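If you want the building blocks of each chain, they are given just below.
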Amino acid sequence: MDRASDLAAALVARGGPRLPVVEWPVSIDSTSNRLKSLARGGAAEWTVVLADVQTGGRGREGRTWVSPPGGLYLSVLLRPRFEKVALLPLAAGVAVAEAAGELGVRTELKWPNDVLASGRKLAGILSEAASGAAGVDWVALGIGVNVSQDAASLPPEMRADVTSLVAEGAQEPSVGAVAVAVLARLAVGYDALRSGTGTVLSAWRSHAAAWWGSLVDVRAGETALRGRLLEVDGEGALVLELEGGERRRLLSGEVRRVRRAAGT
Ligand code: BTN
């Protein structure tokens, strides 16, 4: 068997879903680009694309996702038939946090789905979707996990902000094993979303960085806001209290905690 078939078999062995297609080339521009083209061609849900290296890895908000060897670069296709699709990226964050936990690595989730360890970025999730007349047609979840990258393979300006499973003490995890753990956990969250949002939301909240009540800056496209972080509501939106008391719900954006100098 090749490594793609091994991965599919290991996932079934742990009670996970059967993957109709697994592509795992050594190098690709972006696993999400490839998955989206498969989705447009009618691929079935749980089609998975991985790669050892991405030459054009994409992050949220138009950023680049630097993708040297030693990382997990995985995209998975879902075709949800339920309404609360906005919670899927949160379910993916929970899946990565739980998979890291299996390896003894403690993580925190930063809304919407950054996975942090020791305050540094361990993993990120890019959720892209297409809709038709009947609602959401497909969702491509792109998951990047820093498994064992050598810090020297990252640009110097990134090194202080990034960590990996190995740097956090995981014992020689293989990329394939991490992929299986993430997909198995994601399947549990996906099933739970069919019957309601409570399970995924409470799992997300239990892993969330305890920033509630803190002053944060949020950038969402061209919009920049500052306010107190109140909650993540039942639809997965971030609720901020702006200076002046107005409440604002945000469906996407980048959150940074405001650290004020002592005495200000
Ligand atoms: C983020 O900005 O935090 C999201 C990063 C998502 C990166 C993953 S790696 C696999 C998939 N392919 C991509 O090009 N991006 C996602």
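A. Region of interest: the nonpolar core. Judged by nonpolar contacts, the single largest core of 71 residues is most densely connected at L19, W46, L50, L74, L165, L183 and L238. A per-element tally of this core places helix α4 (residues 175–194) first, with 12 residues. Residues in contact with L238, not counting those within four places in the same chain, are W111, V218, L229, E231, V232, R248, R249, L250 and V255. Core analysis: the next-biggest nonpolar cluster, separate from the first, contains 10 residues, A43, V49, A51 and A140 among them.

B. Representation of the packing of helix α3 (residues 88–102) against α4 within the structure. Between α3 and α4, the least distance of the axes is 8 Å, while the angle of their chain directions is 140 degrees. Between α3 and α4, the angle is such that the two are oblique. The crossing of α3 and α4 is right-handed. Packed against α3, whose contacting residues are L88, A91, A92, A95, V96, E98, A99 and E102, the element α4 presents A181, V182, R185, L186, Y190 and L193 at the interface.

C. The arrangement of the site of the ligand in detail. Residues in contact with the ligand amount to 21 residues; listed here are only the nearest, S30, Q54, R58, R60 and K121. Contact between the ligand and R60: an oxygen atom at 2.7 Å from a main-chain N or O atom of the residue. Within the side chain of K121, one N or O atom sits 2.6 Å away from an oxygen atom of the ligand. For the ligand, whose unbound accessible area comes to 410 Å², protein coverage reaches 99%. Sorting the residues of the shell around the ligand by element identifies α2 (31–40), β5 (71–78), β8 (120–132) and β9 (135–146) as the ones contributing at least two each.

D. Structural context of unusual backbone geometry. In this structure, the amide linkage connecting W111 to the following residue, P112, adopts the cis form with an omega of 0 degrees. Secondary-structure assignment places P112 in the loop between β6 (108–110) and β7 (114–117). Phi is positive for W46, close to 70 degrees, though the residue is something other than glycine. Tracing the chain through its elements places W46 in the loop between α2 and β3 (48–51).

E. Just the pattern of salt bridges, in detail. With the rule as written, the count across this model stands at 18 salt bridges. Here E128 makes a salt bridge to R58, at a shortest N to O gap of 2.8 Å. Of this pair, E128 sits in strand β8 while R58 sits in the loop between β4 (53–54) and β5, placing them 70 residues apart in sequence. E128 gets classed as buried once you look at its relative accessible area, which sits at 15%. Residue classification places R58 among the partly exposed positions, given a relative accessible area of 29%.

F. Molecular detail of the sheet that holds β7. Pairing is mixed in the open sheet, where seven strands are placed in the order β1-β3-β5-β9-β8-β7-β6. Edge strands, defined here as strands with exactly one partner in the open sheet, are β1 (22–23) and β6.

G. Region of interest: the sheet that holds strand β12 (residues 238–242). Read across the sheet, five strands follow the order β13-β12-β11-β10-β14 without closing on themselves; strand pairing throughout is antiparallel. Each edge of the sheet is formed by a strand with only one pairing partner; in this case those strands are β13 (247–250) and β14 (254–257). Averaged over all pairs of adjacent strands, the angle between their axes in this sheet comes to 45 degrees, without regard to strand direction. Note that β12 and β13 share four bridges and pair antiparallel. Among the inter-strand pairings, L238 is bridged to a residue of β13, identified as L250.

H. Structural view of helix α1 (residues 3–13). Those residues of α1 lying buried are A4, L7, A8 and L11. Viewed along the axis of α1, the buried residues span an arc of 95 degrees, placing them on a single side of the element. In this structure, the buried side of α1 is in contact with β1, β3 and α4.

What counts and how
Residues numbered from 1 in each chain as written. Predicted model: local features only at pLDDT ≥ 70, side-chain atom pairs only at ≥ 80, totals over all residues. Heavy atoms only, no water. Core = buried A, V, L, I, M, F, W, Y, C linked by side-chain atoms within 4.5 Å. Buried < 20%, exposed > 50% of the residue type's maximum accessible area, 1.4 Å probe, protein only. Helix = DSSP H or I, 4+ residues; strand = E, 2+ residues; numbered from the N terminus. Contact = heavy atoms within 4.5 Å. Axes fitted to C-alpha atoms, helices over the stretch in contact; angles between N-to-C directions. Parallel < 35°, antiparallel > 145°, perpendicular 65-115°, else oblique. Left-handed = near helix turned anticlockwise from the far one by under 90°. Near = heavy atom within 4 Å. Polar contact = N/O pair within 3.5 Å; in protein donor to acceptor, adjacent residues only side chain to side chain. Areas by Shrake-Rupley, 256 points an atom, 1.4 Å probe, with all protein chains shown as cover. Salt bridge = Lys/Arg side-chain N within 4 Å of Asp/Glu carboxyl O. Pairing = 2+ DSSP bridges. Arc of directions from axis to C-beta.

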